[in-house]
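Read off the chains here:
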Amino acid sequence: MNYEEISTLESTYTSGGVGRRPVAIVRASGARLWDSEGNEYIDCAASQGWANVGHSHPAVVAAIQRQLQIYVAGQESSFNDQRALWMQELAGVLQPSLNWDGCVIHPSNSGTEANEAAIKFARYITGRPGIVAAKRSFHGRTMGALSLTWNPKYRKPFEPLVPGVTHATFDDIDSFAEAVGDDTAAVIIEIVQGEGGVFPGSGEFFRALRQLCTERGALLIVDEIQTGVGRTGRWLACEHFGLSPDVVTLGKSIGGGLPMGVTAWRSELGRLKPGLHGSTFGGNPLACAASRAVIQVMRDENLPARADRLGQELRENLAALPTQKIRQVRGLGLMVGVELRGKVTPVLQQLIQRGVWALPAGLNVLRLLPPLVIQEEDLARVTAVIGEVLA
Ligand code: PLP
């Protein structure tokens, strides 16, 4: 099918809830995308940040193919070998990263579901109703997760949302100290605010927030759905600051391209009673097999360290571009934001015309989230193309 055929057909039926670029992507491999007309793009979006190990990584494809023949979907209401091994392997990564002695893992099917589970768990365990999130945050779009998400553009049309949620200023401990009270079940934050504009928080803030939550009996939830799985140069972005939250949520890259969300918490906090929370597909053997392959690839190819090194080079090279149109380059690892002195949409369009597929973050930030397996020549090309477009 060509672009006209695909776009006409899809436009007939789409809800319209997701804005589309006038391109039909039909194939992907590693850090490359191809459209229906045969044009090739360097992927600097990792399909909204899910493809940290790259598209169709052979080890992930093999794991999925193998499991497809055996057992695809089965609920958590029976035990399963793939799920059991996946939990053990994931715990083996999370515990040292977060300095936890033990952990409890609740699997679901998306980032937004992982955050839903986190706030349900926080209310359940503390018996308190309140949740404090950060201004500029993004935590998903179901009613609970949307209540945490800050941007009024996403929230307003769907109000009233879940009561009890307030928003404090990110990276400002005084603002959080004012918002967190005796009725606060949890504080939820991102380590680098992604959708909000690629803003990393400071170590000082995270340390003070940890202390505040402990003092006031609120759980600290860190949303690592975009920052996790090696993206920022560590397995989890919390590691940069030695931050040990009570709950962590994962999504996007943890499933290797299959839908998966994870809500994990330190085991001392306890567990849910049977029947309290779950879903038909959460923890299905196919997604668990894919995720096991992701964990293995991250280790075998040392991808967090690669993200650290390539991200630093990329940020330096972008900051050195001879243009007045860049206000600031920031980020952690291969989560990079280029704040422009103008709107990002025309820049994204020109990048696509030159074979670079990137993302916005707000109105004026160009966001780069390439697969961590991206080749250095490709990153050099991306920098050169951004330089041309901003010249
Ligand atoms: N939390 C963060 C930090 C995200 O970046 C996203 C998605 O962009 C979500 C939650 C929601 O994840 P999903 O789109 O898988 O529901």
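Quick caveat, the model's predicted, so the values are computed rather than measured. The residue numbers shown here count from 1 along each chain, following its written sequence. A pLDDT threshold of at least 70 governs which residues receive local features in this predicted model, and a stricter bar of 80 or more applies before side-chain atom pairs are shown or counted, although totals over entire chains, interfaces and linings include all residues. Hydrogens and water molecules were not included; the side-chain quantities draw on all heavy atoms of the structure.

### Quick look at the overall build of the protein chain
So, point 1. Elements are defined by DSSP. Helices are runs of H or I of four residues or more, strands are runs of E of two residues or more, and each kind is numbered from the N terminus. Looking only at helices and strands, the protein chain has 13 helices and 17 strands in total.
So, point 2. Every radius of gyration here is taken over C-alpha atoms, with the globule rule written as 2.2 Å times N^0.38, N being the number of residues. For 391 residues, the compact-globule formula gives about 21 Å, and the C-alpha radius of gyration of the protein chain, at 21 Å, lands near that figure.
So, point 3. Dimensions of the protein chain along its principal axes, counting C-alpha atoms only, are 55 × 55 × 45 Å.
So, point 4. Per-residue burial over the protein chain gives 54% buried out of 391 residues.
So, point 5. Any two residues whose heavy atoms approach within 4.5 Å are treated as being in contact. The contacts of the protein chain with a sequence gap of at least 6 include a subset with a gap of at least 24, amounting to 69%.
So, point 6. Positive residues here are Lys and Arg, negative ones are Asp and Glu, while His and the chain termini are left out of the count. The atom standing in for a charge is NZ when the residue is Lys, CZ when it is Arg, CG when it is Asp and CD when it is Glu. Where the 37 positive side-chain charges of the protein chain centre and where its 39 negative ones centre are 3 Å apart. Throughout, exposure labels follow a simple rule: accessible area from a 1.4 Å probe, protein chains only, divided by the maximum for the residue type, with under 20% read as buried, over 50% as exposed, and the rest as partly exposed.

### Here we look at the packing of aromatic side chains
So, point 1. Stacked, tilted and edge-to-face are the three classes assigned to paired rings of Phe, Tyr and Trp, where Trp is represented by its six-membered ring and a pair needs centres within 6.5 Å; plane angles under 30 degrees give stacked, over 60 edge-to-face, the rest tilted. Taken as a whole and assessed by the stated rule, the structure comprises eight aromatic pairs.
So, point 2. Aromatic pair F138 and Y154: ring centres 5.7 Å apart, planes at 80°, arrangement edge-to-face. Here Y154 lies in helix α7 (residues 152-155) and F138 lies in the loop between β5 (130-134) and α6 (143-148), a separation of 16 residues in the sequence.
So, point 3. We classify F138 as buried; its relative accessible area is 18%.
So, point 4. For Y154, a relative accessible area of 19% puts it in the buried group.
So, point 5. Ring centres of F170 and F205 lie 5.7 Å apart, and the angle between their planes is 70°; on these two criteria the pair is classed as edge-to-face. Linking F170 in the loop between β6 (165-168) and α8 (173-179) with F205 in helix α9 (residues 203-216), this pair joins segments that are 35 residues apart in sequence.
So, point 6. Its relative accessible area of 3% is what places F205 among the buried residues.

### Section: the sheet that holds strand β17 (residues 365-368)
So, point 1. Any two strands with at least two DSSP bridges between them are considered paired. Reading across the sheet, the four strands line up as β13-β14-β17-β16 and stay open at both edges, with antiparallel pairing between neighbours. One side of each edge strand has no neighbouring strand; the edge strands of this open sheet are β13 (326-332) and β16 (359-360).
So, point 2. In the sheet, β13 pairs with strand β14 (residues 335-340) via six bridges, with the strands oriented antiparallel. Of the residues in β14, the one forming a bridge with G331 is V336.

### Some remarks on the site of the ligand
So, point 1. Any residue with a heavy atom positioned within 4 Å of a molecule or strand is treated as near that molecule or strand. Inspection of the region around the ligand gives 13 residues, with G111, T112, D223, Q226 and K252 positioned closest.
So, point 2. The definition of a polar contact used here is a pair of N or O atoms within 3.5 Å, where within protein one atom must be able to donate a hydrogen and the other to accept one, and adjacent residues in sequence count solely through side-chain atom pairs. Here an oxygen atom of the ligand sits 2.9 Å away from a polar atom, N or O, in the main chain of G111.
So, point 3. One of the backbone N or O atoms of F138 is found 3.4 Å from a nitrogen atom in the ligand.
So, point 4. At three residues, the largest contribution of residues to the shell around the ligand is made by helix α5 (residues 111-126).
So, point 5. For this classification, the nonpolar set comprises Ala, Val, Leu, Ile, Met, Phe, Trp, Tyr, Cys and Pro, the charged set comprises Asp, Glu, Lys and Arg, and every other residue, Gly included, is treated as polar. Across the shell around the ligand, the residue classes break down as two nonpolar, seven polar and four charged.

### Digging into the sheet that holds strand β12 (residues 261-266)
So, point 1. Strand order across the open sheet formed by seven strands is β4-β12-β11-β10-β7-β5-β6, with mixed pairing between neighbours. Two strands close off the open sheet at either side, each with one partner strand: β4 (103-108) and β6. Taken over all neighbouring pairs, the strand axes of this sheet differ in orientation by 20° on average, direction set aside.
So, point 2. Direction of pairing for strand β7 (residues 184-189) relative to strand β10 (residues 219-223): parallel, over a ladder of four bridges. Axis definition: a line fitted to C-alpha atoms, over the contacting stretch in the case of helices. Angles run 0 to 180 degrees between N-to-C directions.

### Focus: unusual backbone geometry
So, point 1. Of the consecutive residues E159 and P160, the connecting peptide bond is found in the cis state with omega at 5°.
So, point 2. Structurally, P160 can be placed in the loop between α7 and β6.
So, point 3. Its identity as a non-glycine residue notwithstanding, V229 has a phi of 55°, on the positive side.

### Some details on the pattern of salt bridges
So, point 1. In the sections that follow, a salt bridge refers to a side-chain nitrogen of Lys or Arg positioned within 4 Å of a carboxyl oxygen of Asp or Glu. Enumeration over the complete set of coordinates arrives at 15 salt bridges.
So, point 2. Between E195 and R367 there is a salt bridge, and its shortest N-O distance comes to 3.3 Å. Of this pair, E195 sits in the loop between β8 (192-193) and β9 (199-200) while R367 sits in strand β17; the two residues are 172 residues apart in sequence, bridging distant segments of the chain.
So, point 3. Note that E313 and R309 form a salt bridge whose closest N and O atoms lie 3.9 Å from each other. Pair noted here: E313 and R309 are both in helix α11 (residues 303-319), with a separation of four residues, about one helical turn.
So, point 4. It is possible to trace a salt-bridge network through shared partners that takes in R210, D246, R266 and E268.

### Points about the environment of R315
So, point 1. Of note, R315 is situated in helix α11.
So, point 2. For the pair R315 and G337, spaced 22 residues apart in sequence, the C-alpha separation works out to 8.7 Å.
So, point 3. Not counting residues up to four positions away in its chain, the partners in contact with R315 are V329, R330, G331, L332, G333 and V336.

### Structural notes on α5
So, point 1. For α5, built from 16 residues, the straight-helix expectation of 22 Å at 1.5 Å per residue is met to within 8% by its first-to-last C-alpha distance of 23 Å.
So, point 2. The complete set of buried residues in α5 reads G111, T112, A114, N115, E116, A117, A118, I119, F121 and A122.
So, point 3. Just beyond α5, the residue with positive phi is G127, at close to 70°. The span one expects for a helix is its residue count, reduced by one, times 1.5 Å.

### Things to note about the domain arrangement of the protein chain
So, point 1. Annotation comment: domain bounds sourced from an automatic or database domain assignment. Domain boundaries assigned for the protein chain yield domain 1 (3-56 + 302-390) and domain 2 (61-300).
So, point 2. The distance between the C-alpha centroids of domain 1 and domain 2 comes to 25 Å.
So, point 3. With 30 residues of domain 1 at the contact, the number on the domain 2 side is 30 residues.
So, point 4. Interface area for domain 1 against domain 2, summed over the two sides, is near 2,300 Å², with a carbon-plus-sulfur share of 61%.
So, point 5. Considering only the surface of domain 1 that becomes buried against domain 2, W50, L332 and M335 emerge as the three largest contributors, covering 29% of it.
So, point 6. At the boundary of domain 1 and domain 2, one finds two salt bridges.
So, point 7. The shortest N-O distance in the salt bridge between R234 and D308 comes to 3.3 Å.
So, point 8. Remark: the boundary between domain 1 and domain 2 carries 19 residue pairs in polar contact (both at pLDDT 80 or more).
So, point 9. Looking at the side of domain 1 that touches domain 2, the element that brings in the most residues is α11, giving five residues. Summed over both partners, the accessible area lost on bringing two parts together, with a 1.4 Å probe, is the buried area.

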